[in-house]
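Structure at a glance
Listed below are the residues making up each chain.
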Amino acid sequence: MNADDSAPADRACAGGLPSAALGGPVSHAVSRVARLHRYTAGRLLKGLGLYPGQEFLLMHLWDTGGVRQAELIKAMDLDPSTVTKMLQRLELSGHVRRRPDPDDRRAVLVEATEKSCALRAEVRDAWSDLEEHTLAGLGPAERAELTRLLAKVEENLCHEAGGCPAP
C-alpha cells in the first residue's frame, strides 16, 4: 500500500495536538495548563480543608470584610448556585458566617470567621508553593515576560467577553 497524504495517520505514531485543536495550539496549551494549575492548587488546598475556588472567596472576604451575598456573587463572577454551594460548605466548616443585613432584612451578609482568618497565612503559603511549582525553571525575566503576556491574553479575553470584573 502506498502512503498518501489523505490517508488517516497511524494513531500510534500521531503526536502533537488533537486534530480538532490544530487551529488553536495556544488555546489548547492554555487549557491544559489551566487544568493542571487547578489540579495542583486543589492538591495544595486540600490539606487546608479547602476546595479550589474557595480560597478566592475567602481572599475577597479577608480583604473587604463582610459583604452582601449578591455583591459576593458579582465579585466572584460565578453562577449564583456555585457561590451558594461554596458558602454552604464554608459555613459548615466554620470559615464563613451568613446573617441578615441589618439595613435590608431581605439581603444576606457574608463575613469571614476568626477560624478562616487563621487560614490566611496558610493560603498565602499554598499560593507561594503553587507559584514556585508553576514557574520552576523560569528566571526572573521569563517570569515577568510570562506575566506581561498573560495580562495581554486576559485583556483580549475580557474584551471578547464584554468586560471583566475588577481583580
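This text gives an overview of the structure that appears in the document. No experiment lies behind these values; they were computed from the predicted model shown.

1. Thoughts on the overall build of the chain
Summing up its helical and strand segments, the chain has seven helices and three strands in all. Residues counted as buried form 24% of the 167 residues belonging to the chain. Contacts in the chain between residues at least 24 apart in sequence constitute 49% of all its contacts with a sequence separation of at least 6.

2. Points about the nonpolar core
If you look at the biggest cluster of nonpolar residues, it comprises 21 residues, and the most contacted ones within it are L48, L50, L57, L61, L72, L87 and V96. Where this core is concerned, the elements lending two or more residues are α2 (54-64), α3 (69-76), α4 (80-92), β3 (104-112) and α6 (120-135). Beyond its immediate chain neighbours, meaning those up to four positions away, L87 contacts L57, Q69, L72, V96, R98 and V110.

3. A few points about unusual backbone geometry
With phi around 55°, D77 is a residue other than glycine that occupies positive phi space. Its location among the elements puts D77 in the loop between α3 and α4.

4. A short note on the pattern of salt bridges
This model, assessed by the stated rule, comprises eight salt bridges. Its salt-bridge partner being D63, residue R120 comes within 2.9 Å of it at the nearest N-O pair. Placement of the pair is R120 in helix α6 and D63 in helix α2, with a sequence separation of 57 residues. Taken together, the shared-partner salt bridges in this structure form one network comprising R97, R99 and E111.

5. Looking at helix α1 (residues 25-46)
With 22 residues, α1 extends 31 Å from end C-alpha to end C-alpha; this agrees with the ideal 32 Å at 1.5 Å per step. Buried within α1 we find T40, A41, G42 and L45. On its buried face, α1 sits against α2 and α6.

6. A closer look at the sheet that holds β3
What links the strands of a sheet is backbone hydrogen bonding, and the strands pair in either a parallel or an antiparallel sense. A sheet is described by the order of its strands in space; here three strands give the open sequence β1-β3-β2, paired in antiparallel fashion. The sheet terminates laterally at β1 (67-68) and β2 (96-101), the two strands that pair on one side only. Where β1 lies against β3, two bridges are found, and the strand directions are antiparallel. Bridge pairing links R68 to L109 in β3.

Cut-offs and rules
Residues numbered from 1 in each chain as written. Predicted model: local features only at pLDDT ≥ 70, side-chain atom pairs only at ≥ 80, totals over all residues. Heavy atoms only, no water. Helix = DSSP H or I, 4+ residues; strand = E, 2+ residues; numbered from the N terminus. Buried < 20%, exposed > 50% of the residue type's maximum accessible area, 1.4 Å probe, protein only. Contact = heavy atoms within 4.5 Å. Core = buried A, V, L, I, M, F, W, Y, C linked by side-chain atoms within 4.5 Å. Salt bridge = Lys/Arg side-chain N within 4 Å of Asp/Glu carboxyl O. Expected span 1.5 Å × (residues − 1). Pairing = 2+ DSSP bridges.

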